[in-house]
Amino acid sequence: MAGKNQSDKPLKTQILIIGAGIAGTTLALLLADKGMSIDLVDPYPPESPAKTKLTGRTVALMQTSLNVLKAAGLSEFLEQHGTKMKKMRIIDDSISDQPVIESEFEASDIGLEYFSKNIPNCPLRSHAYAAAKKHKNITIHEGESLEDFTVEQGLRVLATLSSGKTIKTPLIIGADGRGSLVRKLSGIKASQKKYGQSAITCIINHSRSHENTSTEFHRPSGPFALVPLQGNQSAVVWVESHERAEELIKLKKQDFTEALQNKTNNILGGITLETNPEMWPLCAIKAKSLTAPRTALIAEAAHVMSPITAQGLNLSLRDVASLAETIIDAYRLGQDYGSETILKSYASRRSLDIQTRFFGVDKMNSIVSNDIKPLKDLRRNALKLVDRVTPIKTFAMKHGLAPTLDTGRLMAGKSL
Ligand SMILES: Cc1cc2nc3c(=O)[nH]c(=O)nc-3n(C[C@H](O)[C@H](O)[C@H](O)COP(=O)(O)OP(=O)(O)OC[C@H]3O[C@@H](n4cnc5c(N)ncnc54)[C@H](O)[C@@H]3O)c2cc1C
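Residues numbered from 1 in each chain as written. Predicted model: local features only at pLDDT ≥ 70, side-chain atom pairs only at ≥ 80, totals over all residues. Heavy atoms only, no water.

Novice: Talk me through the packing of helix 1 (residues 22-33) against helix 8 (residues 312-332); I want residue IDs and the actual numbers.
Specialist: Taken N-terminus to C-terminus, the directions of helix 1 and helix 8 make an angle of 25°; their axes are 10 Å apart at the nearest point. One element, helix 1, and the other, helix 8, form an angle in the roughly parallel class. Seen along the crossing, helix 1 lies across helix 8 with a hand that is right-handed. Touching Ile 22, Ala 23, Thr 26, Leu 27, Leu 30 and Leu 31 of helix 1 are Leu 313, Leu 317, Val 320, Leu 323, Ala 324, Ile 327 and Ile 328, all from helix 8. Of the residues assigned to the contact of helix 1 with helix 8, the class counts are 12 nonpolar, one polar and no charged. (Axes fitted to C-alpha atoms, helices over the stretch in contact; angles between N-to-C directions. Helix = DSSP H or I, 4+ residues; strand = E, 2+ residues; numbered from the N terminus. Parallel < 35°, antiparallel > 145°, perpendicular 65-115°, else oblique. Left-handed = near helix turned anticlockwise from the far one by under 90°. Contact = heavy atoms within 4.5 Å. Nonpolar A, V, L, I, M, F, W, Y, C, P; charged D, E, K, R; others polar.)

Novice: Tell me what's going on with the packing of aromatic side chains, and back it up with residues and numbers.
Specialist: For the structure on display, the rule yields five aromatic pairs. With 5.8 Å between their ring centres and 90° between their planes, Phe 224 and Trp 238 make a pair best called edge-to-face. Here Phe 224, found in strand 16 (residues 224-228), pairs with Trp 238, found in strand 17 (residues 233-241); they are 14 residues apart in sequence, far enough to count as distant. Taken individually, Phe 224 and Trp 238 each receive the classification buried, so the pair is uniform in this respect. Each ring, one from Phe 358 and one from Phe 359, has its centre 5.4 Å from the other, and the planes form 90°; the classification is edge-to-face. Given the relative accessible area of 7%, Phe 358 is considered buried. You can call Phe 359 partly exposed: its relative accessible area is 42%. Connected via pairs of aromatic rings, a cluster forms that spans Phe 217, Phe 224, Trp 238 and Phe 256. A cation sits over an aromatic face here: Arg 57 above Trp 280, 4.2 Å from the ring centre. Between the NZ or CZ atom of Arg 219 and the centre of the ring of Phe 217, over which it lies, the distance is 4.3 Å. (Phe/Tyr/Trp six-rings, centres within 6.5 Å; stacked < 30°, edge-to-face > 60°. Buried < 20%, exposed > 50% of the residue type's maximum accessible area, 1.4 Å probe, protein only. Lys NZ or Arg CZ within 6 Å of the ring centre and 35° of its normal.)

Novice: Mind laying out the pattern of salt bridges, listing which residues take part and the relevant values?
Specialist: Overall, the coordinates contain 22 salt bridges when judged by the stated rule. In this structure, Glu 79 engages Lys 117 in a salt bridge whose closest nitrogen and oxygen atoms are separated by 3.8 Å. Of the two residues, Glu 79 sits in helix 3 (residues 75-81) while Lys 117 sits in strand 8 (residues 116-120), which places them 38 residues apart along the sequence. Where Asp 319 meets Arg 350, a salt bridge forms, and the shortest distance between an N and an O atom there is 2.7 Å. Of this pair, Asp 319 sits in helix 8 while Arg 350 sits in helix 9 (residues 340-368), placing them 31 residues apart in sequence. Its relative accessible area of 0% is what places Asp 319 among the buried residues. (Salt bridge = Lys/Arg side-chain N within 4 Å of Asp/Glu carboxyl O.)

Limitation: the analysis is restricted to geometry and does not speak to function.
Dropping the structure here:
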């Protein structure tokens, strides 16, 4: 086989990361910077930053997540490409013969300049990947995928790649997304729920300024969000039933733009499409465990959520930060960083945050995407209450931003 090890002996690495998405690549950069040798595997590498095109996918990342990416060396990119989200507006216009309920949340009310920065997905991944390619401690197996792995005597992993290469390591990390093969091969079970909904994403140009405000409409078919980008551009996340989303995505450009224009209630003035619409089927997946012998899961390999409230990658970057700290602390002390004790400590650090966010987002998705009258009333009354009672509003804003337990040093903006 073309890429087989030349000597037929397995290659050796301190950590093998499967999946070079944003989460896997960020983890590789953090660990490699502290002197560990990292092997990173992905069958679909991104284009170089110069060739990467804008797509409709963006991520709203909170300060704690930005701190993790900065520690991985991505400050300059975030400065240039991030758009500050200073205000959030929620509009419930789900009952046609009743008044629209609107609530606004200002970052300055909780002493912040902004809640989050909205960042285009593909350029972020491409910049992180380019930095990993240049790093002397990272070996990338580009265009290859994991095929199989076994744990030998509980001490090390022997992994086989699609090229036939074999790699030995004390720790394998599954950052291989929602269909994670690492999760399956390690025997970690996962619960799965299909929402029957899809998100349509695209970027629009608009005639009015967004004033650094993100707007989320709560409607029975699902949420519809407009998230600010640089200049007079915004990212659209439009959730509909899967069937309706398929109909919309097949419309001619002009008809789609018209449907989208109606959906915005004209709050941004006239719109044109900057990128073609794309469709993402939504589901919830949760791994029953974050670890197995010599194995750890992070990001979407461990949890997939609805994009409502923009929590997905934020939660994933908190996995990245906790795992990087746990590994590096053990490595500095000369301990076995792939041992059961160390992996258990990673899992226990992450458990509460993942449970509460995962179930919170799932419940929120059901309440928002619902046409049942009592649930619509509950949703509208809750929004009124949050809007009128200042302490509840402040709590909602602070708790929505970051976990209050175990923030760790990377999330707090300190070095690893
Ligand atoms: C419409 C939408 C909007 C969103 N908005 C937000 C938001 O505003 N804020 C937010 O925080 N999150 C948001 N999210 C979530 C966020 O986009 C995802 O959590 C994130 O992109 C997933 O990153 P990841 O690294 O976990 O997985 P992925 O990006 O899926 O990376 C996994 C990688 O593993 C590789 N791989 C797979 N199998 C193998 C194998 N066998 N061997 C080797 N490699 C393999 C794949 O090629 C891939 O590159 C949104 C999601 C959606 C759908």
